[in-house]
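Now for the letters of each chain:
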Amino acid sequence: MTTSAIKKQIHKAIDIVQSEAILKAIHLILDQELRQKKEAMKAFTLNEFFARNSQSQKEIKQGKLIEHKTVKAKYKQ
């Protein structure tokens with residue numbers, strides 16, 4: 001089943017559900033996901049950027065690299 005098909009089924013189910021408790025549970029799950037996404041997209045401060053860059057440079061020198069094809073396979077939909 002595709003992501004689009006799953007979303008359509010969820011939309012239909014939410015329209016049918018009458019239980020406030022179930023709707024609140026769904027809202028809680030979605031709210032947590034949205035907060036994580038928002039936090040992940042938060043811009044770095046200059047100090048955070050330099051610290052992250054320094055850590056990245058250390059890991060590169062240590063050979064802690066991930067091949068492009070591995071990342072691509074992980075996030076393929």
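Details of the structure are given in the entry above.
Visitor: Talk me through the pattern of salt bridges; I want residue IDs and the actual numbers.
Guide: The tally for this structure, following the rule as stated, stands at three salt bridges. With its nearest N and O atoms 3.1 Å apart, the salt bridge here joins lysine 24 to glutamate 20. One end of the pair, lysine 24, and the other, glutamate 20, are both in helix H2 (residues 20-40), four residues apart, so they sit about a helical turn from each other. Residue lysine 24 is classed as exposed on the basis of its relative accessible area, which comes to 53%. Taking the relative accessible area as the measure of exposure, glutamate 20 reaches 54% and is therefore exposed. Salt-bridge contacts for arginine 35 lead to aspartate 31; the nearest nitrogen and oxygen are separated by 3.0 Å. Remark: aspartate 31 and arginine 35 occur in helix H2; sequence separation between them is four residues, near one turn of the helix.

Visitor: Help me get a handle on the packing of aromatic side chains, residues and values and all.
Guide: One pass over the full model with this rule turns up one aromatic pair. Here the aromatic rings of phenylalanine 49 and phenylalanine 50 are separated by 5.5 Å at their centres, their planes lie at 65°, and the arrangement is edge-to-face. Residue classification places phenylalanine 49 among the partly exposed residues on the basis of a relative accessible area of 40%.

Criteria and thresholds
Residues numbered from 1 in each chain as written. Predicted model: local features only at pLDDT ≥ 70, side-chain atom pairs only at ≥ 80, totals over all residues. Heavy atoms only, no water. Salt bridge = Lys/Arg side-chain N within 4 Å of Asp/Glu carboxyl O. Helix = DSSP H or I, 4+ residues; strand = E, 2+ residues; numbered from the N terminus. Buried < 20%, exposed > 50% of the residue type's maximum accessible area, 1.4 Å probe, protein only. Phe/Tyr/Trp six-rings, centres within 6.5 Å; stacked < 30°, edge-to-face > 60°.

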